[in-house]
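# Notes for the structure review
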Amino acid sequence: MLAQKLHLLRHNVLSFVSSRTGSDLTRRQYDVIVVGGGHAGTEAAAAAARLGAETLLITQKIMTIGALSCNPSLGGVGKGQLVREVDALDGLCGRAGDSAGVHFSILNRSKGPAVWGPRAQLDRERYRQFIQSELLSTPRLTVLEGSVDELLVSQPNPEEPGHHRVTGIRLVDGSHPILSSSVVLTTGTFLSGSLFMGQTTSPGGRMGDAQSCAGLSYTLKETLGLRVGRLRTGTPPRIVKESVDLSLAQLQAPDKQPTPFSFLNTHTRCKPEEQLPCYLTHTTPGVERVVRESVHLNCHIQQDTKGPRYCPSIESRVLRFPGRRHQVWLEPEGLTSDLLYPQGLSMTMPPDLQLRLLREIPALHRAEIRAPGYGVQYDFVCPTQLTPSLQVKSTQGLFLAGQINGTTGYEEAAAQGLWAGVNAGRTALSLPPIALSRTQSYIGVLIDDLVGRGVTEPYRMFTSRAEFRTYLRPDNADLRLTPRGFEEVGCVTLRRYKKAVSVRDGLQEALMALQSVALSSTRWREKLGNISLSENKSTTLNGLDLLQYKDVSFEMLASAFPECLSQYFEYSQRLKIEAVYRPHCEKQSREMERIRSEESLSLPSDMDYLSLPVSLSHEVREILDRVRPNTCDVRPCPDTHTCVLNRLFGYAKIKSVTHVFDNS
């Protein structure tokens, strides 16, 4: 059905739009222009359009919108939380994952539910089809095939902070400029991108696509004066499935019952019995030998450009950890695909040596390569130059999202794209920008880390980055974000909002029903049988208290008290998780409130930290002057965070300079 819908859309819309150039557009001005059709760009364009902004998405190839450039997977530890939060704000990737998933699993299941990582292996074609179908049927969203050569820059609005203002873009084909109130750049690896394979280098951001435009990089660096760095990444060769001896690898089955990413879905498109397995194998000493013998033929690995720490190339892993046995996951690329993706074998050596390396692994001893691996180096903008709304501090109307901000991963890009699109749309519609606190979401943690601390290597999300991860769980993202997304932000549809409110009210009723059932420990043991409840415990316990015990389930309580609890079976897992974490969340609430208070106290963008009459070290002054924090939550210097805050606040109080804090 989806394929049929997409075919009609392509016939009526896609072929029409892709055949047009910038000079053929029926309108010359939009509220928001999004540059780039990757994970950040698609979420940004959809979010801005949902907000009510007339939006133009410009991409080099319309047919690559929604393409999974590297690993065909979504989610994971930390990343799965981001996907569920993007979905809670009505983003696309969660529903796309449910439609395209072919292998679903919950990672970290041996630990607490707060750090579980929903993950799915995806069918590349199904994922691309879903994203294209959603975008091309979104009201107020136009898609144009083309390359952006430069940003149009004018004098800033004197009533707003900033030295420049972006007013639109100009395409490479030299057509008339396209004007807009806001521009979102989601260039991925295409910003001055270079491809590496062995000793061969060529311009580009992805193999098979047109090279990136130097004009855009020039505008950012020379016209706008932004600090730009250089990062690298890579992708492994794609292996013909029939050439692999899977009997020599360890089978990894999916979960028997797939867990959807989206709160709107109760099941996935792929039925449980249709799921595909993954396979685990390992490197051998022969792999290390090939890596060492080919270093002199690998210019990408010899350079000191920073690559991803948590997804390094096999060359980096071997050279950094010699003599170790490294995991290699053989993952399917789709239900009908004849390829396998070797997770853990990203490499940039010459193609003939890639084949030789693969065949050093027993399961791959007859492997054939369909497409060789390669490396990419690209420019990124130091993200401390952004506000929490992901707008460039010095440039009004310019927003950045995705790898251009120094991150790695589809999920991190999608989360930034959604939030940049939201704020680009709000700016275009003359609404104030809006921020997410790190106490409210993993998206808030991600953005706060980027704009407050910057990056020295590609940034990846982990649950360990969130101080309040017992509250920021994957199970409650809808309750945390959907009401705000509808009531305050404006990016959530009424349908999703009504469902979230219904779930919230149902859970609240169930919690009250649990608390209404109170018995002594003796009576509980009589009711439930052999449970690990201390016989010396003399206090009365209610149902919510008892649900905190590991060997007590909601189903057990509902069986004992069917008249008041049986109607809430649909919430059983969520109630169990809520009961387990509620005491800890209540203890953390004071610290969360303190951080929210700090985040609400804004600092002026022109504050002179170098001459501020406050007792601060020269080192701290330099950090504050360079990063220029937006609020009193001064995280760029975490070791001195508390004293910096106290002294800044004290200065404002002593001098009675209440205007220093916009919201005080």
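The structure presented is a predicted model; accordingly, all values stated were derived computationally and were not measured.

Moving on: the sheet that holds strand β3 (residues 73–75). The three strands are arranged β3-β5-β4 in an open sheet whose pairing can be described as antiparallel. Pairing within the sheet leaves two strands with one partner each, and these edge strands are β3 and β4 (101–107). Neighbouring strand axes in the sheet, compared pairwise and without regard to direction, differ in orientation by 15 degrees on average. Looking at chain direction, β4 and strand β5 (residues 117–122) are connected through six bridges and run antiparallel. Residue pairing in the sheet places Phe104 in a bridge with Ala120 of β5. Contacts between helix α3 (residues 79–88) and the sheet are confined to β3 and β5, with β3 contributing the most and set at about 80 degrees to the helix.

Glancing now at the confidence of the model for the protein chain. Note: predicted coordinates in regions of low pLDDT should not be interpreted at a detailed level. Per-residue confidence for the protein chain gives a mean pLDDT of 89; residues scoring 70 or more make up 90%. In the model, residues 1–20 has pLDDT below 50 throughout and makes 34 contacts with residues more than four positions away in sequence or in other chains. Taken together, the stretch residues 636–642 has pLDDT below 50 and engages in 11 contacts with residues farther than four places along the chain or on a different chain.

Among the secondary structure elements, Thr64 is positioned in the loop between β2 (55–59) and β3. Once residues within four sequence positions are removed from consideration, Thr64 is found in contact with Gly37, Gln132, Arg206 and Asp209.

The full count for this structure, using the stated rule, is 33 salt bridges. Here Lys61 and Asp209 are joined by a salt bridge, their closest N and O atoms 3.4 Å apart. Taken as a pair, Lys61 in the loop between β2 and β3 and Asp209 in the loop between β11 (200–203) and α6 (214–223) lie far apart in primary sequence, 148 residues in all. The class for Lys61 is partly exposed, based on a relative accessible area of 33%. With its nearest N and O atoms 2.9 Å apart, the salt bridge here joins Arg230 to Asp379.

Under the defined criterion, the tally for this structure stands at four aromatic pairs. Aromatic pair Phe486 and Tyr497: ring centres 4.1 Å apart, planes at 15 degrees, arrangement stacked. Of this pair, Phe486 sits in helix α13 (residues 477–489) while Tyr497 is found in helix α14 (residues 494–516), placing the two residues 11 residues apart along the sequence. Judged by its relative accessible area of 30%, Phe486 is partly exposed. When the centroid spacing of 5.8 Å and the interplanar angle of 75 degrees are considered together, the rings of Trp524 and Phe561 count as edge-to-face. Placement of the pair is Trp524 in helix α15 (residues 521–528) and Phe561 in the loop between α17 (554–560) and α18 (562–565), with a sequence separation of 37 residues. Accessibility assignment for this pair places Trp524 and Phe561 in one class, buried.

Glancing now at the nonpolar core. Within soluble globular proteins, side chains that are nonpolar tend to cluster in buried spots. One finds Leu151, Leu185, Leu220, Leu398 and Trp419 to be the most contacted residues of the largest nonpolar core, which totals 105 residues. Looking at this core element by element, the count peaks at 10 residues for helix α11 (residues 410–428). With residues up to four places along the chain from it excluded, the contact list for Leu220 reads Leu151, Leu185, Leu191, Gly225, Leu226, Val381, Leu398 and Ile404. Counting residues in each nonpolar core, the second largest holds 27 residues, with Ala510, Ala513, Trp524 and Tyr568 among its members.

On to the side chain of Asn542. Mapped onto the elements, Asn542 comes out in strand β23 (residues 540–542). The class for Asn542 is buried, based on a relative accessible area of 17%. Not counting residues up to four positions away in its chain, the partners in contact with Asn542 are Leu514, Gln515, Val517, Ala518 and Trp524.

One face of the sheet, then the other: side chains in a regular strand alternate in exactly this way. Among the five residues in strand β15 (residues 278–282), five count as buried, and that is most of the element. Residues Cys278, Leu280 and His282 point to one face of β15 and Tyr279 and Thr281 to the other, with burial holding for every one of them. Here strand β14 (residues 250–252) pairs with β15 via three bridges, running antiparallel. The partner of Gln250 across the bridge, within β15, is Leu280. With four bridges joining them, β15 and strand β16 (residues 327–332) adopt antiparallel strand pairing. Note that in β16 the partner of Tyr279 across the bridge is Leu330.

What follows concerns helix α4 (residues 93–100). The buried fraction of α4 amounts to eight of the eight residues, a majority that puts the element mostly inside the structure. Those residues of α4 that sit buried are Cys93, Gly94, Arg95, Ala96, Gly97, Asp98, Ser99 and Ala100.

On to unusual backbone geometry, then. Positioned with a positive phi, Asp90 is a non-glycine residue whose angle comes to about 75 degrees. Mapping Asp90 onto the fold places it in the loop between α3 and α4. Look at Arg140: it is not a glycine, yet its phi comes out positive at around 70 degrees.

Okay, the environment of Arg370 next. Position of Arg370 relative to the elements: it lies in strand β18 (residues 369–371). Each C-alpha atom, one on Arg370 and one on Leu340, is 9.8 Å from the other, the two residues being 30 residues apart in sequence. Contacts of Arg370, omitting those with residues within four sequence positions, involve Arg238, Val240, Asp338 and Leu339. Of note is the side chain of Arg370, whose polar atom sits 2.8 Å from the side chain of Asp338.

Parameters and conventions
- Each residue is numbered by its place in its chain's sequence as written, counting from 1.
- Local features in a predicted model are, by the rule used here, given only for residues with pLDDT of at least 70; side-chain atom pairs are given and counted only at 80 or more, and totals for whole chains, interfaces and linings are based on all residues.
- Note that water and hydrogens are dropped before the side-chain values are worked out from all heavy atoms of the structure.
- Pairing between strands is defined by DSSP: at least two bridges between the two strands are required.
- Think of it this way: any DSSP run of H or I at least four residues long counts as a helix, any run of E at least two long counts as a strand, and we number them from the N terminus.
- Lines fitted to the C-alpha atoms define the axes, with helices restricted to the stretch that makes contact. Angles between their N-to-C directions range from 0 to 180 degrees.
- Whether two residues touch is decided by their heavy atoms; if any such pair falls within 4.5 Å, the residues are in contact.
- The score called pLDDT rates the predictor's confidence residue by residue, from a low of 0 to a high of 100.
- Any Lys or Arg side-chain nitrogen found within 4 Å of a carboxyl oxygen on Asp or Glu counts as a salt bridge.
- Accessibility here uses a 1.4 Å probe with only protein chains present; expressed as a share of the type maximum, an area under 20% marks a residue as buried, one over 50% as exposed, and anything in between as partly exposed.
- We call Phe, Tyr and Trp rings a pair once their centres come within 6.5 Å, taking the six-membered ring for Trp, and we label the pair stacked below 30 degrees between planes, edge-to-face above 60, and tilted otherwise.
- Here, the term nonpolar core denotes a set of buried Ala, Val, Leu, Ile, Met, Phe, Trp, Tyr and Cys residues that are joined through side-chain atoms within 4.5 Å.
- The definition of a polar contact used here is a pair of N or O atoms within 3.5 Å, where within protein one atom must be able to donate a hydrogen and the other to accept one, and adjacent residues in sequence count solely through side-chain atom pairs.

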